[in-house]
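# Geometric and topological summary
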Amino acid sequence: MSGGVEWALHCCTLLSRASEPVPAAKLAEFHDVSPTYLAKQLQALSRAGLVRSTQGNSGGYTLTRDAARITVLDVVEAVDGALPAFRCTEVRQRGPLATPAQDCTAPCPIARVMDSADRAWRDSLRTVTIADLVADADRDLTPGTLRRAQEWLRA
């Protein structure tokens, strides 16, 4: 999983609490990350329909739907794509004792376990929403942190 997923998730959690559009530059400054790097993640989120950008003096990014309707998997797939993490290259068909392709009618045990792990990982991420992350973070924050963050974003 790329580092962009982490930044995209942080941006989505922050945007879920914003009362108005947040400029990309403000999100980058808040997270102390390169504006060009973050812009790529925001573009990926936009292409996936998770955020929208508005132009103008009061422009910026907003979520396109309620945070309870955006899953962590939605963000992961927006940034990194929906392809499985493991791609079988049929290693068993190589080398001096290669198995002929016609004998490889079912995935090997390695491909099966990796596919199973990928499905479990995706199923788990599908059950957690941005709203869940925000609620969890709210329990961890010291009093006043959320209010200060919202004020900083509006400044």
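Refer to the structure above for everything that follows.
In this convention, every chain numbers its residues from 1, walking through the sequence in written order. It should be noted that, the model being predicted, local features are given only for residues of pLDDT at least 70 and side-chain atom pairs only at 80 or more, the latter also being counted only at that level, while totals for whole chains, interfaces and linings use all residues. Water and hydrogen atoms were dropped before computing side-chain values, which therefore reflect all heavy atoms in the structure.

Right, let's get into the side chain of Asp 118. One can find Asp 118 in helix α5 (residues 109-126). The classification of residues rests on relative accessible area computed with a 1.4 Å probe and restricted to protein chains. Under 20% of the type maximum is buried, over 50% is exposed, and intermediate values are partly exposed. Classification of Asp 118 by relative accessible area gives buried; the value is 10%. Polar contact is defined as a pair of N or O atoms within 3.5 Å, subject to the rule that within protein one atom must be able to donate a hydrogen and the other to accept it, and that residues adjacent in sequence are counted only when both atoms are side-chain atoms. Here the side chain of Asp 118 touches Ala 85 through a polar contact of 3.3 Å, landing on its backbone nitrogen. Two residues form a contact once any of their heavy atoms are found within 4.5 Å. In this structure Asp 118 touches Pro 84 and Ala 85, once residues within four positions along its chain are discounted. Where helices and strands are cited, they refer to DSSP runs of H or I of at least four residues and of E of at least two residues respectively, numbered from the N terminus.

Here the largest pocket is characterised by a volume of approximately 410 Å³. What lines the largest pocket is a set of 19 residues, and nearest its centre among them are His 10, Thr 13, Leu 14, Val 134 and Ala 137. Among the secondary structure elements, those contributing two or more residues to the lining of the largest pocket are α1 (3-16), α2 (24-31), α6 (130-140) and α7 (145-154). Here the term charged refers only to Asp, Glu, Lys and Arg, the term nonpolar to Ala, Val, Leu, Ile, Met, Phe, Trp, Tyr, Cys and Pro, and the term polar to all other amino acids, Gly among them. Grouping the amino acids of the lining of the largest pocket by side-chain chemistry returns eleven nonpolar, five polar and three charged. Both site types are read off a 1 Å grid over the protein atoms alone. A 1.4 Å probe that fits but cannot get out defines a cavity, while an open set with protein on both sides within 12 Å along at least five of seven lines defines a pocket; lining residues have an atom within 4 Å of a point. Grid points are joined across faces, edges and corners, and a volume is the space filled by probe spheres set on the points.

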